[in-house]
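The lines below spell out each chain.
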Amino acid sequence: DGGITQSPKYLFRKEGQNVTLSCEQNLNHDAMYWYRQDPGQGLRLIYYSQIVNDFQKGDIAEGYSVSREKKESFPLTVTSAQKNPTAFYLCASSIGTGGVTGELFFGEGSRLTVL
Amino acid sequence: GQQVMQIPQYQHVQEGEDFTTYCNSSTTLSNIQWYKQRPGGHPVFLIQLVKSGEVKKQKRLTFQFGEAKKNSSLHITATQTTDVGTYFCAGQGNQGGKLIFGQGTELSVKP
């Protein structure tokens, strides 16, 4: 089946530890995105990538890092510099990178809890 | 920067009642998208509106894009329990760029 796979679904971390969230897509989409979701705040963009080996900061990139070494993969690392990392993280992809962003396809999300 | 405001934040309705959520942008949009997120789930695309004044329908759902392309609405006629979830709008500015999501409207439906 075509789609986006995120792992792990649930993750617990101690303060001061880095964690990496995986995102893989087999939709052959050029663009990939990471969003953070907190209750009552909608979806906020962390990082996005429009092409392999290139990515841009979103609105809340501080304390996060990404890589895009392959078209299919866009992992997100939550570093110890992120002050409030407990949240629901959503990865998404879309076709193309032209002026109009098309439909976003979301993964099932990763829920990170910092103990 | 561009902001997208969505109201109301919560809406509780009796099954069979209508429901509307509104989205307003601080700047003119090139297009707007709507998503639905079921409780515990992930956002799923519903529709994209591109033209000024555009109206699209999907069964009981009606989507509108304002004439000035700065606001949009989603109206559900005769809600059902399956409509429960959070509805998000997401707008993209005239210069392309990122999609900006509204805060979402959480809909609950009492049978």
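In this text, all values refer to a predicted model and were calculated from it rather than measured experimentally.

Listed as interface residues are 20 residues of chain A and, on the opposing side, 20 residues of chain B. Ranking the residues of chain A by area buried against chain B places Leu43, Thr101 and Phe106 of chain A at the top, with a combined share of 28%. Inspection of the chain A/chain B interface yields one salt bridge. The residue Asp59 of chain A makes a salt bridge to Lys98 of chain B at a minimum N-O spacing of 3.0 Å. Mapped by element, the contributors of at least two residues to the side of chain A that touches chain B are β4 (31-37), β5 (43-51) and β9 (87-94) of chain A. In terms of residue count, β5 of chain A provides more of the side of chain A that touches chain B than any other element does, three residues in total. Split by residue class, the side of chain A that touches chain B holds nine nonpolar, eight polar and three charged.

Right, let's get into unusual backbone geometry. Between Ser7 of chain A and Pro8 of chain A the backbone carries a cis peptide bond, its omega angle lying at -5°. By the element assignment, Pro8 of chain A lies in the loop between β1 (4-7) and β2 (10-13). Omega for the peptide link from Ile7 of chain B to Pro8 of chain B comes to -5°, which places this bond in the cis form. Structurally, the position occupied by Pro8 of chain B is in the loop between β1 (4-7) and β2 (10-14). A positive phi angle, near 65°, is found at Asn53 of chain A, a position not held by glycine. Within the secondary structure, Asn53 of chain A sits in the loop between β5 and β6 (54-57). Looking at Asn53 of chain A, the relative accessible area reads 61%, which means it is exposed. Positive phi is not limited to glycine here, since Lys69 of chain B has a value of about 55°. What makes Lys69 of chain B buried here is its relative accessible area of 18%.

What counts and what doesn't
- Residues numbered from 1 in each chain as written.
- Chains lettered and ligands numbered in written order.
- Predicted model: local features only at pLDDT ≥ 70, side-chain atom pairs only at ≥ 80, totals over all residues.
- Heavy atoms only, no water.
- Contact = heavy atoms within 4.5 Å.
- Buried area = accessible area lost by both parts, 1.4 Å probe.
- Salt bridge = Lys/Arg side-chain N within 4 Å of Asp/Glu carboxyl O.
- Helix = DSSP H or I, 4+ residues; strand = E, 2+ residues; numbered from the N terminus.
- Nonpolar A, V, L, I, M, F, W, Y, C, P; charged D, E, K, R; others polar.
- Buried < 20%, exposed > 50% of the residue type's maximum accessible area, 1.4 Å probe, protein only.

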